[in-house]
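Listed here are the chains, written in short residue letters.
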Amino acid sequence: MPVKTSKAYLTVLGVPEKPQISGFSSPVMEGDLMQLTCKTSGSKPAADIRWFKNDKEIKDVKYLKEEDANRKTFTVSSTLDFRVDRSDDGVAVICRVDHESLNATPQVAMQVLEIHYTPSVKIIPSTPFPQEGQPLILTCESKGKPLPEPVLWTKDGGELPDPDRMVVSGRELNILFLNKTDNGTYRCEATNTIGQSSAEYVLIVHDVPNTLLPTTIIPSLTTATVTTTVAITTSPTTSATTSSVRDPNALAGQTGPDHALIGGIVAVVVFVTLCSIFLLGRYLARHKGTYLTNEAKGAEDAPDADTAIINAEGSQVNAEEKKEYFI
């Protein structure tokens, strides 16, 4: 039998080694330019390297492929350049190697960034509308790395004027009770090894608003009638004067409404109104009707003036003496 032969081509895959990240030195100052390099060797064909930051892939990277000494495998490296800021502190930068020999399970290397930055300061008041007599707490919220501790409180460029009433506890300034002398600019200053930062808060102490009691309108047929009777007995001026006298037991400086004065004014107004109505009614009653002179009475049908005068009820010829009485 003749000998038969067959050929087969064998491809051996080179499994890439676990990647390594280099170029990181801790800590990094905010604003510095960072250059990270991820390298892996022993891959055949050449492996693919990808970068991720906060699970977001970074596309703008440099890629380099070199043959190993055996001329059968490759060493692959990738370089990532970026400028760091405070938002990068604690962020994990991942280098991932993809290769067909890894069976969809990529190899990764991770580097957690540590960024040092100057403090950021913000003052938070306990109430947005501080009022006289109330307490107030100002909290100095400072963030930085290294963490600034403690903070420095000042007022109008100098020390706190009343340490007994203005107590500093950690990052808090506690003013026990406010008054108008506390108005001013309060400054919180935080410092760490990188630098210094501050924030200001302008305090304006507001007056306590006066709470006005609801005014009750007294019906004119009850209490107002009694007050009117008293005014008739004396005089409207006396009633108004008596009603406007303040209570001797009232507190000095009290700004509440004077109910006695309001009641007196209402009584005087009601009394004057009733008197005006009464006088107007009497005036209209006395002047109501048609008035004729004595000469005109009984002269409606007279043919001429002489006859009218003779026939008039008030004629001097046959008129009797009449008298009028006013009741």
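Cut-offs used in this document
Residues numbered from 1 in each chain as written. Predicted model: local features only at pLDDT ≥ 70, side-chain atom pairs only at ≥ 80, totals over all residues. Heavy atoms only, no water. UniProt positions renumbered as here; feature names shortened; annotations may be inferred. Helix = DSSP H or I, 4+ residues; strand = E, 2+ residues; numbered from the N terminus. Buried < 20%, exposed > 50% of the residue type's maximum accessible area, 1.4 Å probe, protein only. Polar contact = N/O pair within 3.5 Å; in protein donor to acceptor, adjacent residues only side chain to side chain. Contact = heavy atoms within 4.5 Å. pLDDT = per-residue confidence, 0-100. Core = buried A, V, L, I, M, F, W, Y, C linked by side-chain atoms within 4.5 Å.

Under an unreviewed UniProt entry, the protein has the name Cell adhesion molecule 2 isoform X3 and belongs to Acinonyx jubatus. The annotation that UniProt attaches to the protein under Subcellular location (unreviewed entry) is "Membrane". Per its UniProt entry, the protein bears the Sequence similarities (unreviewed entry) comment "Belongs to the nectin family."

Next up on the list: the side chain of H116. As for its placement among the helices and strands, H116 is situated in strand β10 (residues 115–125). On the basis of relative accessibility, which here comes to 13%, the residue H116 falls in the buried class. A distance of 3.4 Å separates the side chain of H116 from the side chain of E114, its partner in a polar contact. Setting aside anything within four residues of it in sequence, one finds H116 in contact with P27, V28, M29, E30, K145, P146 and I194.

Here the protein averages 80 in pLDDT, while 73% of its residues score no lower than 70. Confidence drops under a pLDDT of 50 for residues 218–255, and excluding neighbours within four residues, the segment shows 24 contacts in the predicted structure.

With that settled, consider the nonpolar core. Counting 19 residues, the largest nonpolar core has L138, W153, L173, Y186 and L203 as its most contacted members. Elements supplying a minimum of two residues to this core: β10, β11 (136–145), β12 (151–155), β14 (172–175), β15 (184–191) and β16 (196–203). Once you skip the residues sitting within four places of it in the chain, L138 turns out to touch I123, I124, P125, W153, R171, E172, L173, Y186 and Y201. Counting residues in each nonpolar core, the second largest holds 18 residues, with M34, V76, F82 and C95 among its members.

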